[in-house]
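Observations on the three-dimensional arrangement
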Amino acid sequence: MVRPVFARTLLVNCMGAALAAGYIGSASAEDAPQYDGELSGFEYAYPVERFDFSSQGQDMQMAYLDVQPEEGSANGRTVVLMHGKNFCAGTWEDTIEALTDAGYRVIAPDQVGFCKSTKPEHYQFSFHQLAANTQALLEDLDVDDVTVMGHSMGGMLATRFALMYPEQTEQLVMVNPIGLEDWKALGVPYQSIDEGYQSELEKTAEGIRAYQESTYYVDTWEPEYDRWVEMLAGMYAGEDGELVAWNQALTSDMVFTQPVVHEFDQLQMPTLLLIGEKDNTAIGKAQAPEDVQETLGRYDVLGEQAANAIPQATLVEFPELGHSPQIQEPERFHEELLKGLERL
């Protein structure tokens, strides 16, 4: 087993290389708040609980939200929300409100490596492992049958969870999931973890905002979106910024090298796809040849392809929305979500 001291040495070596290249500290922004590696001081709309467990020989804690519907309104069903790579459990706040108002119990974890959960110095990140961690949380909460709903990277994780635990997964919901195509098979070159780490260290509040504006919200912006920019930028700018960047690099490698799209035909449960068609997310697209770039991230096409590949799929498309339709137009999105859950 890799010892923590080796992981620290590796991390320090990578940081030294980044220092020489002028990367360390570039994630800071004068007007951005600073948060530690567990996002202390950034408040979610709902109380945060902690699940302590052991994984890969290490003590871990997984932060999570467990929000119950009002007494007398429960419908007996539970939805597990899986966040994306640039998102957190707290980002689901509008969706949690809509679901609990409709009678659902909602459990929303921060996965290991993200947000308010443990940032390990060494960890074999895989969607299998994160799904197993989530299953351990559900067992601890004595929760059995669930609807699993994932956004962005969380869509890949929700798919893996559904494949690993089909008897427990009543329904699968994917909101603009990444991984509807296999980027490396389509010609996107591999980026090493060290290269990815240095790229993560360059993240700034300004850069995060520009990316979200163009991809998540289709070149529109509302003041409430700034909260999610500050959440991310504050972690990079804080005292544990290098460790946050390291975990981001490790999980980017997981996303790129562990496609789930080839197993869509094995999904056994009713599946709801909620797709903003203006999304153009594709991991590594900027490093791909120009002729390949033009073919990637076409969610107006990818949504239909995924629906055709999944045996019991229902596709709902939002032609003018981007990567985060649940944030961009929450009322419309949640109306379609609740109708879809009733149909499944």
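Structure: above.
Every residue gets a number counted from 1 within its own chain, in the order that chain's sequence is written. Selection of residues for local features in this predicted model requires a pLDDT of at least 70, selection of side-chain atom pairs for listing and counting requires 80 or more, and totals for whole chains, interfaces and linings are taken over all residues. The basis for every side-chain value is the complete set of heavy atoms in the structure, and neither hydrogens nor water enter the calculation.

1. Concerning the state of the cysteines
Defined by distance alone, a disulfide is two cysteine sulfur atoms within 2.5 Å. Within the structure shown, the criterion is met by one disulfide. With its sulfur 2.0 Å from that of its partner, C88 forms a disulfide with C115. On the S-S bond that ties C88 to C115, the torsion sits near -90°, and the link is left-handed. With C88 in the loop between β3 (78-82) and α2 (93-101) and C115 in the loop between β4 (105-109) and α3 (127-140), this pair connects stretches of sequence that are 27 residues apart. Looking at C115, the relative accessible area reads 3%, which means it is buried. Elements are defined by DSSP. Helices are runs of H or I of four residues or more, strands are runs of E of two residues or more, and each kind is numbered from the N terminus. A simple rule labels every residue: compare its accessible area, found with a 1.4 Å probe on the protein chains alone, to the largest value its type can have, and call it buried under 20%, exposed over 50%, or partly exposed in between.

2. Quick look at the nonpolar core
One broad trend across soluble globular proteins is that nonpolar side chains are buried collectively. In this text, buried Ala, Val, Leu, Ile, Met, Phe, Trp, Tyr and Cys residues form a nonpolar core when linked through side-chain atoms within 4.5 Å. Of all hydrophobic cores here, the largest spans 106 residues; its most connected members are L39, L81, I96, M149, F264, L274 and L337. Tallying contributions element by element places helix α8 (residues 241-257) first for this core, with eight residues. When checking whether two residues touch, look at their non-hydrogen atoms; a contact exists if any pair is within 4.5 Å. Not counting residues up to four positions away in its chain, the partners in contact with M149 are V79, V80, L81, M82, W92, T95, A158, V173, V175, F333 and L337.

3. Notes on helix α7 (residues 226-237)
Helix span is expected to be 1.5 Å times the residue number reduced by one. The first and last C-alpha atoms of α7 sit 16 Å apart over 12 residues, in line with the 16 Å expected at 1.5 Å per residue. α7 sits mainly inside the fold: nine of its 12 residues count as buried. Buried within α7 we find W228, V229, M231, L232, A233, G234, M235, Y236 and A237. The inward-facing, buried residues of α7 contact α2, α5 (193-201), α6 (205-215), α8 and α11 (325-328).

4. Quick word on the sheet that holds β4
Strand order in this open sheet of eight strands is β1-β2-β4-β3-β5-β6-β7-β8, and the pairing throughout is mixed. Where the open sheet ends on each side, the last strands, each with one partner, are β1 (49-55) and β8 (313-318). The sheet shows a mean angle of 20° between the axes of neighbouring strands, taken without regard to direction. Think of it this way: DSSP has to see at least two bridges between two strands before they count as a pair. With six bridges connecting them, strand β7 (residues 271-276) and β8 associate as parallel partners. In the strand pairing of β8, L273 is matched with L315. Between the N-to-C directions of two axes lies an angle of 0 to 180 degrees, each axis being a line fitted to C-alpha atoms and, for a helix, fitted only over the stretch in contact.

5. With respect to the packing of α5 against α8
For the pair α5 and α8, the least separation of the axes is 8 Å and the interaxial angle reads 130°. Considering their axes alone, α5 and α8 lie oblique with respect to each other. Note that α5 runs across α8; the crossing there is right-handed. Contacts between α5 and α8 involve I193, D194, G196, Y197, E200 and L201 on the former and, on the latter, E242, A245, W246, Q248, A249, L250, S252 and D253. For this scheme, ten residues count as nonpolar: Ala, Val, Leu, Ile, Met, Phe, Trp, Tyr, Cys and Pro. Four count as charged, namely Asp, Glu, Lys and Arg, and the remainder, Gly too, count as polar. Residues of the contact of α5 with α8, tallied by class, amount to seven nonpolar, three polar and four charged. We call two directions roughly parallel when the angle between them is under 35 degrees, roughly antiparallel when it is over 145, roughly perpendicular when it lies between 65 and 115, and oblique otherwise. A crossing counts as left-handed when the near helix is turned anticlockwise from the far one by less than a right angle, and as right-handed when that turn is clockwise.

6. Let's talk about unusual backbone geometry
Look at D142: it is not a glycine, yet its phi comes out positive at around 60°. Locating D142 in the fold gives a position in the loop between α3 and β5 (146-151). For D142, a relative accessible area of 65% gives the class exposed. In the Ramachandran plot, N176 falls in the positive-phi region, its phi being about 35° despite a non-glycine side chain. Residue position: N176 is located in the loop between β6 (169-175) and α5. Owing to a relative accessible area of 0%, N176 belongs among the buried residues under this scheme.

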